[in-house]
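Reading the structure
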Amino acid sequence: PSVGAELYENGAWALAVTVLGIMAYLAMRFEWKFAVAGIIANLHDVVIILGFFAFFQWEFSLAVLAAVLAVLGYSVNESVVIFDRIREAFRRFRKMNTHEVIDHAITSTISRTIITHGSTQLMVLSMLIFGGETLHYFAMALTIGICFGIYSSVLVASPLVMWLGVSREQFMAKQKKVIEG
């Protein structure tokens, strides 16, 4: 019980520090609306993984915690790619409204997303099949995280950014400040 409590406490701290780091990175790189949308989408992935482990009563270990943290990094990378395309599309396509810009960003990154996640999933599936008991739950958490990471980056983070009211004017004002300052 004491080892389990320590694992729980250290895992919660690691998760909290990771979430704060991701939010700070996204807020500096883009703006706070992207940070909020990205972290909600990433926490969505964590909740899904933990939900699978709770529902099926699978063993939660340090390896699974490592997989959850890896999924956070993996998912934030996908969100950053889409967010970069949104920012780029706002600057390039002046006649598109916000909805069209976000749709364009998702459409232009979808082939990259499928290729990246597909090749990563093949490697994780080989760990799941051939890794033995030691890697089983680690690979299971990664498999769940990769599958839902695509979903959350494309269908949770991007609509949240739109719902939070991101606009072209915010990027143009920020770009103007950088040029003037």
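Since the model is a prediction, treat every value here as computed from it, not as a measurement. (Residues numbered from 1 in each chain as written. Predicted model: local features only at pLDDT ≥ 70, side-chain atom pairs only at ≥ 80, totals over all residues. Heavy atoms only, no water.)

**Considerations on the overall build of the chain**
Of regular secondary structure, the chain possesses six helices and zero strands. Reported as C-alpha extents along the three principal axes, the dimensions of the chain are approximately 55 × 35 × 25 Å. Looking at the chain as a whole, 39% of its 181 residues qualify as buried. A sequence separation of at least 24 residues applies to 77% of the contacts in the chain between residues at least 6 apart. Counting only carbon and sulfur atoms, one obtains 69% of the accessible surface of the chain, whose full area is about 10000 Å². Between the mean site of the 13 positive side-chain charges and the mean site of the 13 negative ones, the chain shows a separation of 17 Å. (Helix = DSSP H or I, 4+ residues; strand = E, 2+ residues; numbered from the N terminus. Buried < 20%, exposed > 50% of the residue type's maximum accessible area, 1.4 Å probe, protein only. Contact = heavy atoms within 4.5 Å. Areas by Shrake-Rupley, 256 points an atom, 1.4 Å probe, with all protein chains shown as cover. Lys, Arg positive; Asp, Glu negative; His and termini not counted. Charge placed at Lys NZ, Arg CZ, Asp CG, Glu CD.)

**Observations regarding unusual backbone geometry**
At Q57, a position not held by glycine, the phi torsion is positive, near 55°. When its relative accessible area of 71% is taken as the criterion, Q57 is described as exposed.

**A look at the environment of V71**
Within the secondary structure layout, V71 lies in helix α3 (residues 62–92). The sequence separation of V71 and I144 amounts to 73 residues, and the corresponding C-alpha distance is 9.1 Å. If we skip the residues at most four places from it in the chain, V71 touches D45, I49, A141, L142 and G145.

**Let's talk about the side chain of S75**
The residue S75 is located in helix α3 in this model. Beyond its immediate sequence surroundings of up to four residues, S75 is in contact with N42, D45, G149, S152 and S153.

**Section: helix α2 (residues 32–55)**
Over its 24 residues, α2 extends 34 Å from the first C-alpha to the last, a length consistent with the 34 Å expected when each residue adds 1.5 Å. Regarding α2, the residues found buried are K33, F34, A35, A37, G38, I39, A41, N42, D45, V46, I49 and F53. (Expected span 1.5 Å × (residues − 1).)

**Observations regarding the pattern of salt bridges**
Oppositely charged side chains can form a pair if their charged atoms are brought close together. On inspection of all chains with the given rule, the structure shows four salt bridges. Here E88 makes a salt bridge to R92, at a shortest N to O gap of 3.2 Å. Pair noted here: E88 and R92 are both in helix α3, with a separation of four residues, about one helical turn. Through salt bridges that share partners, R29, D84 and R87 make up one connected network. (Salt bridge = Lys/Arg side-chain N within 4 Å of Asp/Glu carboxyl O.)

**A word on the side chain of R168**
By the secondary structure assignment, R168 is in helix α6 (residues 168–180). Nearest to the buried, unbridged R168 among oppositely charged side chains is E169, at 5.6 Å. From its side chain, R168 meets the backbone oxygen of F90 in a polar contact 2.9 Å long. Among the polar contacts listed, one links the side chain of R168 to the backbone oxygen of F93, at a separation of 2.4 Å. If near-sequence neighbours (up to four positions away) are discounted, R168 is found in contact with A89, F90, F93, R94, K95, M96 and V101. (Polar contact = N/O pair within 3.5 Å; in protein donor to acceptor, adjacent residues only side chain to side chain.)

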